[in-house]
Amino acid sequence: AEPLAVRPGGLLRVRVTFDGAPLAGHPVVADYVGAPGGPPVRTDARGEAEVPVRNEGLNVLMTLHAIDATREDGRPGRTVMSAALSFALPFAHDG
């Protein structure tokens, strides 16, 4: 969806994928900068979610994805990747 077409209080449809496959049940933080502790929105079976757009000005959506990986020394580990979408909505002016 087009972020600049949504107004504060509206919903922005996003899709979360990894290697081209949808990530179902994946958390998306709707306002990573302004309210990072808020409850995340979860993606559906298609990796899509409707995320509330909180405010005018800067909006930053964030998601993290961890996968099992092998470290250089052969021990098991995890790799964490992040993705963010940031956009600024214009401020409404009176008169």
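Details of the structure are given in the entry above.
These remarks concern the structure in this document. These numbers come from a predicted model, not from an experiment.

## Points about the nonpolar core
General note: in soluble globular proteins, nonpolar side chains tend to be found buried as a group. Leu12, Val14, Val51, Val53, Leu61 and Phe87 are the most contacted members of the largest nonpolar core, which has 14 residues in total. Breaking this core down by element, the ones donating at least two residues are strand E1 (11-15), strand E6 (48-52) and strand E8 (76-89).

## What about the side chain of Thr43?
One can find Thr43 in the loop between strand E5 (41-42) and E6. A polar side-chain atom of Thr43 sits 2.5 Å from the main-chain carbonyl oxygen of Leu23.

## A word on the layout of surface pockets
Empty space within the largest pocket amounts to approximately 260 Å³. In this structure, the largest pocket is lined by 18 residues; those nearest its centre are Arg15, Val16, Thr63, Ala83 and Ala84. Elements with a minimum of two residues in the lining of the largest pocket: E1, strand E2 (17-18), strand E7 (57-70) and E8. Considered class by class, the residues forming the lining of the largest pocket number twelve nonpolar, five polar and one charged.

The rules behind the values
- Residues numbered from 1 in each chain as written.
- Predicted model: local features only at pLDDT ≥ 70, side-chain atom pairs only at ≥ 80, totals over all residues.
- Heavy atoms only, no water.
- Core = buried A, V, L, I, M, F, W, Y, C linked by side-chain atoms within 4.5 Å.
- Buried < 20%, exposed > 50% of the residue type's maximum accessible area, 1.4 Å probe, protein only.
- Helix = DSSP H or I, 4+ residues; strand = E, 2+ residues; numbered from the N terminus.
- Polar contact = N/O pair within 3.5 Å; in protein donor to acceptor, adjacent residues only side chain to side chain.
- 1 Å grid on protein atoms, 1.4 Å probe; cavity = no way out; pocket = protein on both sides within 12 Å on 5 of 7 lines; lining within 4 Å.
- Points joined across faces, edges and corners; volume = space filled by probe spheres on them.
- Nonpolar A, V, L, I, M, F, W, Y, C, P; charged D, E, K, R; others polar.

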